[in-house]
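Structure assessment
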There are 2 protein chains.
Amino acid sequence: MVQRKAKQKTKQKGGAEWSHNHDHRLCIVDALDRAADLCAGRGARLTSIRRRVLELIWSSHRPIGAYSLLEVLKQERANAAPPTIYRALEFLLEQGLIHRIESQNAYIGCPNPDPDQQHKGMFLICTDCGNAVELEETKIDRLLRNSASNQGFVIESRTVEAAGLCPECQVS
Amino acid sequence: MVQRKAKQKTKQKGGAEWSHNHDHRLCIVDALDRAADLCAGRGARLTSIRRRVLELIWSSHRPIGAYSLLEVLKQERANAAPPTIYRALEFLLEQGLIHRIESQNAYIGCPNPDPDQQHKGMFLICTDCGNAVELEETKIDRLLRNSASNQGFVIESRTVEAAGLCPECQVS
DNA sequence: ACACAAATGTTATATTATAACAATTATAAA
DNA sequence: TTTATAATTGTTATAATATAACATTTGTGT
Ligand SMILES: [Zn+2]
Ligand SMILES: [Zn+2]
Ligand SMILES: [Zn+2]
Ligand SMILES: [Zn+2]
């Protein structure tokens, strides 16, 4: 287990992400710590490339594209190429550490990776500032499963992405 | 107004789409008729290319990609090129006659285009047969809007796509 | 040290989508 | 009907996203 002290105390409240001025360094540190723990517990190897890509994804709360990541990574690692990024993304997705935003061909860190099973997030995405936050709405999930079930359909995975204006971007 | 006789009588019940053996010619005819009516009512021009692309999209209940459409269209119209397809898709999306399935970069016909406002569908997509059906769940939509609203977020559009097994593909 | 598997490097290519400008066609005013 | 105008389509090129295939290197356990 990686050294971590009083993680609970540093962890921020849910919804803090809409605040454009929160201390984002904590988001990054927490995400990398959780990732290290999860991978260690699973015997999965969070190599330096993978860790760095995860860190780059967490550089903001905005979904980021594969080639944007590549552009940055290339400055530190001259031989980085598309497969470098896509392999890291594949690993991080498998480990449930990031999610793919289908409507943007982009990737975002999962703020609450599940140790047991990987989940697919539900997102609110601001069309103005670009920030996205993950919902934890089991009710919606249940209702969707029920609707499907009424037609005899069994859901295995789902994509829910809502675009609109976050509270900070509604100048009113 | 295009000639249409007793459309109500030919129209199939909701959910018929999961039946792999329904009379799909009726789906196509209805879709093209409705499209013609809607466009006429709006002064929008359903040109032969646009109409043909819509027909090709309706050739099944499976989402179809732009380049698959192009492949077919090229056989009838030698000078068809990517812009030919993408312009038609853009028009059909604007008119609310088709939807884009984000998780597949593919397009599917809307079985119930709204004369007034265009909506974004919610889909159940079978991973086995590939068929997709559109849900009409206002409850889910309302719940999602409420969840967003609790965070001060205002939804403008949304993507809901659930993958799984349709009743016909659950061999059990 | 050795064998093996996993990860990364490298080159090429596939897939999806748009930009830019020219030519044609539909619409309606003169 | 002619003519002006806007909408649509043709055409060529390129951007953006993603994967295939195979070589090389690195990590892990024996
Ligand atoms: Zn943050
Ligand atoms: Zn915002
Ligand atoms: Zn049908
Ligand atoms: Zn099926």
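Presented here is a report on the structure given in the accompanying data block. (Residues numbered from 1 in each chain as written. Chains lettered and ligands numbered in written order. Predicted model: local features only at pLDDT ≥ 70, side-chain atom pairs only at ≥ 80, totals over all residues. Heavy atoms only, no water.)

Regarding the protein's contact with DNA strand D
- Around DNA strand D, the surrounding shell holds 19 residues, and the nearest of these are Tyr67 and Arg100 of chain A together with Thr47, Asn79 and Arg87 of chain B.
- The share of sugar and phosphate among atoms of DNA strand D within 4 Å of the protein is 54%.
- Take Arg100 of chain A: an N or O atom from its side chain is 2.6 Å from a phosphate oxygen of DNA strand D.
- Here a phosphate oxygen of DNA strand D sits 2.7 Å away from a polar atom, N or O, in the side chain of Thr47 of chain B.
- Among the elements of the structure, α5 (82-94) of chain A together with α3 (48-57) and α5 (82-94) of chain B are those that each provide at least two residues to the surface near DNA strand D.
- It is α5 of chain A that contributes the most residues to the surface near DNA strand D, four residues altogether. (Near = heavy atom within 4 Å. Polar contact = N/O pair within 3.5 Å; in protein donor to acceptor, adjacent residues only side chain to side chain. Helix = DSSP H or I, 4+ residues; strand = E, 2+ residues; numbered from the N terminus.)

Remarks on the protein's contact with DNA strand C
- In the vicinity of DNA strand C, 19 residues are found, and the nearest of them are Thr47, Asn79 and Arg87 of chain A together with Tyr67 and Arg100 of chain B.
- Among the atoms of DNA strand C lying within 4 Å of the protein, the sugar-phosphate backbone contributes 53%.
- Within the side chain of Asn79 of chain A, an N or O atom sits 3.4 Å from a phosphate oxygen of DNA strand C.
- The separation between a base nitrogen of DNA strand C and a polar side-chain atom of Tyr67 of chain B is 2.5 Å.
- Only α3 (48-57) and α5 of chain A together with α5 of chain B provide two or more residues apiece to the surface near DNA strand C.
- Ranked by the residues each element gives to the surface near DNA strand C, the list is headed by α5 of chain B, at four residues.
- Of the residues in the surface near DNA strand C, the class split is eight nonpolar, four polar and seven charged. (Nonpolar A, V, L, I, M, F, W, Y, C, P; charged D, E, K, R; others polar.)

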